[in-house]
Amino acid sequence: MTTQENGSINGSDHADAGVDHGEDPNVDVDITQFAIPDIAAHTRAIAHGNRVVVFDTTLRDGEQSPGATLNTQEKLDIAHQLARLGVDVMEAGFPAASPGDLEAVRKIAQTVGRKARVDKNGHVAAPPIIAGLARANKNDIDKAWEAVQDAVRPRIHTFLATSDIHLEHKLRMTRDEVLETVGDMVQYARSLCADVEFSPEDAGRSDPAFLVQVLTVAVQAGATTINIPDTVGYTTPEEFGELIRFLRENVPGAKDVIFSVHCHNDLGLATANSLAGLRNGARQMEVTINGIGERAGNTSLEEMVMAMYVRGSQLGLDTDIVTTEIHRTSDMVSRYTGMVIQPNKAIVGANAFAHEAGIHQDGMLKNKRTYEIMDASTIGLNQSMLVLGKHSGRHALRRKLEEMGYHLDKDELNEVFQRFKELADKKKTVTDADLEALVGDEIYQPQEVWELVNLQVHCGTALQPTAVVTMHNTVTGETVTDAGIGTGPVDAVYKGINRVVGVSNTLVEYLVQAITEGFDANGDVTIRIEVPEHSRGYKETAQGRPRRRLFSGRGVDTDIIVASAKAYMQALNKVLAATPDSGSSAASAVSIAADAPEQVA
């Protein structure tokens, strides 16, 4: 394999270019051919081209969002979808954070990192680079390498803060100590892995002259990508773009390495700052699906990609993203993390392609371009008005789901079909939105320790809300029935479930939305619960801050009480999955039920 010198990320990385291998690009493909033989030539080609490397950190920085905790299987599912989306680099996690994180990154490296895929032109392309984050110390770097080394294209991403406020209050290091540490640790990482990325944390508030010193050391030590993070979302587009230009012009050798941008959205400027960085020579953007991340979040992948897609002639930049996979990826991440997308969110929000004002509707009927700058189909949003009903069969459902981009195996299809028939008995027509919700509710689920078998609720103006729940423990095989009394029907259901499952927690968020219009609409409930530190433990972020142990859940049903119960069970099962000895005894779960706090819903 030869490496392209024209800036193409995949370029001759394509095997059998021009042949469409459909859904299985791995047939008769030698995966080892995708290894990068000359990292210097590879990075130089990208640095001097107009193709932007998409570095997705949904599984690392995105997962640091409060309540967005993902288990290993959920991370694998998202990683496979990110690969279908066409991301070039996948930061799969922070291996030193915990044995679980290391194992998740390792599994992604061994599967997604060794699987060819189909690119946006229908050609077989290389698997994504799999990166692991590491602080600038040998222990973290060793764990990162242990986790990513099985990928065909591994990367170690190490970082150290450079702003004076971080040096004084967090690191308690001098500038000379930082320079020495950066040189030693980048060199050590490079001794293990040819592809090394270095980030000066809080670069947006760092002294530019000191940044030049730090990055000079990093490049000389072997860093192939230099990432400039606006860690706290402090900069404006003009100054961030100028910083990228200044560093590329003043760091020796900078023009032959990839400069990257990593912006946070604390001032709502993440996308603008990232675009400014690209216009000043950066050729990698670090992004997350739906813009999730710590505090106000990260730069949104879909916003950056579609900005370059729609304004390509003005920006002169492009990506290898398969844009028709954006909507499905966004929906999967939203459902797995429990982080609901705001309706007016750019590109993927529910209102992004909706038009209510009369003057807008009139213009749309005459010419869509009067008020739409892109087609919904470009991001994979199916707006077909064709609907299914209660007389539709399994074959029709499969075809419809495949048209929407969902390729389910036999067991998954049977599960969704059963839910579809139940819904079709309650609704005259089942829309695309209903089907997406069913797929998400049935397929994007954590492994169940406890499952809800039956639910009965009594409530009314003259009744004390009471709920009777029957639960089945999938580990012990035991079935338990108990009841709860609450201030409302949801409160009663949650108290009944608590008496059986016995997971001490506090309900911190409860949201119910209608998926479609009408009185027969599906209800979509999202909740977030917090578990106490003493019972489940806290986990640190890569920056050393304690993470709140929040777990989310999401449920869909035409009955919002049932949907609420499903959402709560999903959240509880995530908590149990995060606890090694969870689910070992249904009896013990009942015995500690009295410790569960009262809920308010």
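Everything that follows concerns the structure shown earlier in this document.
These numbers come from a predicted model, not from an experiment.

Colleague: Go over the packing of helix H4 (residues 138-148) against helix H6 (residues 175-192) with me, naming the residues and quoting the values.
Modeller: Packed helix pairs are characterised by how far apart their axes lie and by the angle those axes make with each other. For the pair H4 and H6, the least separation of the axes is 10 Å and the interaxial angle reads 25°. Regarding the angle of H4 to H6, the classification is roughly parallel. The chirality of how H4 crosses H6 is right-handed. Facing H4, whose interface residues are Lys-138, Ile-141, Asp-142 and Trp-145, H6 presents Met-185, Tyr-188, Ala-189 and Leu-192. Partitioned by chemical class, the residues of the contact of H4 with H6 number six nonpolar, no polar and two charged.

Colleague: For helix H12 (residues 326-337), give the residues involved together with the corresponding values.
Modeller: Spanning twelve residues, H12 covers 16 Å between terminal C-alpha atoms, matching the ideal 16 Å at 1.5 Å per step. With twelve of twelve residues buried, H12 lies mostly within the body of the structure. What H12 keeps buried is the set Ile-326, His-327, Arg-328, Thr-329, Ser-330, Asp-331, Met-332, Val-333, Ser-334, Arg-335, Tyr-336 and Thr-337. One or two steps after H12, the chain reaches Gly-338, where phi turns positive at roughly 75°.

Colleague: Describe the pattern of salt bridges, and please don't skip the residues or the numbers.
Modeller: Tallying each qualifying case throughout the model produces 29 salt bridges. One salt bridge in this structure joins Lys-75 and Asp-101, with 3.9 Å as the shortest N-O distance. On the criterion of sequence distance, the pair formed by Lys-75 in helix H2 (residues 72-85) and Asp-101 in helix H3 (residues 99-110) is long-range, its members being 26 residues apart. When its relative accessible area of 2% is taken as the criterion, Lys-75 is described as buried. The class of Asp-101 is buried, set by a relative accessible area of 7%. The salt bridge partner of Glu-103 is Arg-106, with a shortest N-O separation of 3.2 Å. On the criterion of helical spacing, the pair formed by Glu-103 and Arg-106 is a turn pair, its members being three residues apart in helix H3. Overlapping salt bridges, with partners in common, bring together Arg-51, Lys-120, Asp-318 and Asp-320 in one network.

Colleague: Please provide a residue-by-residue account of the nonpolar core, values included.
Modeller: A general feature of soluble globular proteins is that nonpolar side chains tend to end up buried together. Grouped together as the largest cluster of nonpolar side chains are 88 residues, with contacts concentrated most on Met-90, Phe-198, Ile-226, Ile-228 and Met-285. Judged by nonpolar contacts, the second largest core, of 30 residues, contains Val-449, Val-469, Val-493 and Val-531.

Colleague: Tell me what's going on with the pairing of strand S7 (residues 196-201), and back it up with residues and numbers.
Modeller: Across the six residues that make up S7, a large majority, six, are buried. In S7, alternate side chains face the same way, and those of Val-196, Phe-198 and Pro-200 on one face and Glu-197, Ser-199 and Glu-201 on the other are all buried. Bridging between strand S6 (residues 154-161) and S7 involves six bridges; their strand directions are parallel. Its bridge partner being in S7, Phe-159 is matched across the sheet by Ser-199. Note: S7 against strand S8 (residues 225-230), two bridges, orientation parallel. Counted as the bridge partner of Phe-198 is Ile-226 from S8. One crossover worth recording links S7 to the parallel S8 by way of helix H7 (residues 208-221), and it is right-handed.

Scoring rules and cut-offs
- Residues numbered from 1 in each chain as written.
- Predicted model: local features only at pLDDT ≥ 70, side-chain atom pairs only at ≥ 80, totals over all residues.
- Heavy atoms only, no water.
- Axes fitted to C-alpha atoms, helices over the stretch in contact; angles between N-to-C directions.
- Helix = DSSP H or I, 4+ residues; strand = E, 2+ residues; numbered from the N terminus.
- Parallel < 35°, antiparallel > 145°, perpendicular 65-115°, else oblique.
- Left-handed = near helix turned anticlockwise from the far one by under 90°.
- Contact = heavy atoms within 4.5 Å.
- Nonpolar A, V, L, I, M, F, W, Y, C, P; charged D, E, K, R; others polar.
- Expected span 1.5 Å × (residues − 1).
- Buried < 20%, exposed > 50% of the residue type's maximum accessible area, 1.4 Å probe, protein only.
- Salt bridge = Lys/Arg side-chain N within 4 Å of Asp/Glu carboxyl O.
- Core = buried A, V, L, I, M, F, W, Y, C linked by side-chain atoms within 4.5 Å.
- Pairing = 2+ DSSP bridges.
- Right-handed = clockwise from strand over helix to strand, strands pointing away.

Purely geometric numbers; function is a separate question.
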